[in-house]
Amino acid sequence: TCNPKFIYPVQNKPIHPSLKYQNRIFKSWYKLPSQPVLDLKDNSKPKVLLIICLTPGFLLSIHSLGPLINQFDLKVAYLLDGYSIDTFDRSVVPHLDHVFAICRETSDKIKKNLGLNSSFLPLGIDTLKYGSKQSDRPIDIFGYGRKDSFVHQHLIASYNYLESDRLYYFTSFTGAHVENVEHHTCLHHRLLSKSKISLCFEASSVPRFQGYSPILYRWFEGWAAGCTLVGRRPFGEGTDALMNWENSTIEVPENKERWSAFFENLLNDQDTLTANRHRNHRECLSRHDWRYRIQQSFEGLNLTPPQTLKDQIDQLQN
């Protein structure tokens, strides 16, 4: 959309295990494999550096740019996960003009405790690429990655045997490495597009979220794919306004004795599943695509969005 130049810093290893703090002292946790070729002499438009942070430590990659960092007009970070402000390395603060965060609570803390301009910017989904409304869905229930262990065990006991008429597809890996991210991502979205129900449980109990409860990727992925989302809805600040439509998340009953009837009734209710499929996909087209988030970031930084972005948002709206 914005035709950016991508830069990929790599993480350094300590010179010696006993000198594990050396990297912190010399800000050398990251380095550039090669010096990037950047056109920073064109003054007709602002030069913006955007740091995409999946982990707090990746903010330190800004130091790998060395003198180049001073040639940018605007330096921005986007925190894509849970962050404790206590782990926010103060050495990067003077280099940042703005921080976006997926938790409004985190954004408010950054503004209050670090004195940085900060905004709440939710996650999104590429609906044009990964969205689906197809009706052929042989997977009854899809459970990916982190799950509620009690619901998971109940579904295994109910459906995970050869004679079952239902298919509960779930992952059981503990590591994060995949051989090909692109292939893995495509498979993930194809599985979602073939699923009636996707399990989604809010994440406040996960330590890195510090009790906060943002909307995570799995909600946007499931909505775009036309799944009915079942689990526990997020309760973080600002989340209600992002999922304020019918059946955006259907809550699992508190009483475990009702779980079997709950799942069977929902899976047999084709009218509800169909209505949810179209509604959830439409909501992503109308307001949860990444292009809306890019537009929101441009507005928050007082930048003029490119015409390409405007055209793509028109496409989504149509």
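No experiment lies behind these values; they were computed from the predicted model shown.

Procedures and definitions
- Residues numbered from 1 in each chain as written.
- Predicted model: local features only at pLDDT ≥ 70, side-chain atom pairs only at ≥ 80, totals over all residues.
- Heavy atoms only, no water.
- Core = buried A, V, L, I, M, F, W, Y, C linked by side-chain atoms within 4.5 Å.
- Buried < 20%, exposed > 50% of the residue type's maximum accessible area, 1.4 Å probe, protein only.
- Helix = DSSP H or I, 4+ residues; strand = E, 2+ residues; numbered from the N terminus.
- Contact = heavy atoms within 4.5 Å.
- Salt bridge = Lys/Arg side-chain N within 4 Å of Asp/Glu carboxyl O.
- Axes fitted to C-alpha atoms, helices over the stretch in contact; angles between N-to-C directions.
- Arc of directions from axis to C-beta.
- Pairing = 2+ DSSP bridges.

*Asks:* Lay out the nonpolar core in plain terms, naming residues and giving numbers.
*Replies:* Membership of the largest hydrophobic core comes to 40 residues, with the highest contact counts inside it found for Tyr 78, Ile 215, Trp 219 and Trp 223. When residues of this core are traced back to their parent elements, those giving at least two are β4 (74-79), β7 (139-143), α5 (181-193), α6 (217-224), α9 (290-300) and α10 (307-317). Counting residues per element, this core draws most heavily on α6, at 4 residues. When sequence neighbours within four positions are dropped, the list of residues in contact with Trp 219 reads Cys 200, Phe 201, Glu 202, Leu 229, Arg 232, Arg 233, Pro 234, Met 243 and Thr 249. Grouped together as the second largest cluster of nonpolar side chains are 27 residues, Phe 58, Leu 60, Ile 69 and Ala 77 included.

*Asks:* Please provide a residue-by-residue account of the pattern of salt bridges, values included.
*Replies:* Inspection of the entire model under this criterion finds 13 salt bridges. Ionic pairing is found between Asp 81 and Arg 208, a salt bridge with its closest N-O pair at 2.3 Å. Of the two residues, Asp 81 is situated in the loop between β4 and β5 (98-101) and Arg 208 in the loop between β9 (195-201) and α6; the sequence distance between them amounts to 127 residues. A salt bridge links Glu 254 to Arg 232; the nearest nitrogen and oxygen atoms lie 3.7 Å apart. Of this pair, Glu 254 sits in the loop between β11 (250-251) and α7 (259-268) while Arg 232 sits in strand β10 (residues 228-232); the two residues are 22 residues apart in sequence, bridging distant segments of the chain.

*Asks:* Mind laying out the packing of α6 against helix α8 (residues 270-288), listing which residues take part and the relevant values?
*Replies:* Contact geometry of α6 with α8 gives a least axis separation of 7 Å together with a crossing angle of 115°. Facing Phe 220, Trp 223 and Ala 224 of α6, the residues of α8 in contact are Asn 280, His 281, Cys 284 and His 288.

*Asks:* Residue-level account of α10, with values.
*Replies:* Looking only at α10, the buried set comprises Leu 309, Gln 312, Ile 313 and Leu 316. In an axial view of α10, the angular spread of the buried residues amounts to 100°, which keeps them on one side of the axis. Buried residues belonging to α10 abut α3 (127-130), α8 and α9.

*Asks:* Break down the sheet that holds β10 for me, with residues and values.
*Replies:* With respect to topology, 5 strands assemble into an open sheet ordered β8-β7-β9-β10-β11, the strand pairing being parallel. Sheet topology places β8 (168-170) and β11 at the edges, where each strand pairs with a single neighbour. As paired strands, β7 and β9 are joined by 3 bridges and run parallel to one another. Of the residues in β9, the one forming a bridge with Ile 139 is Ser 195.

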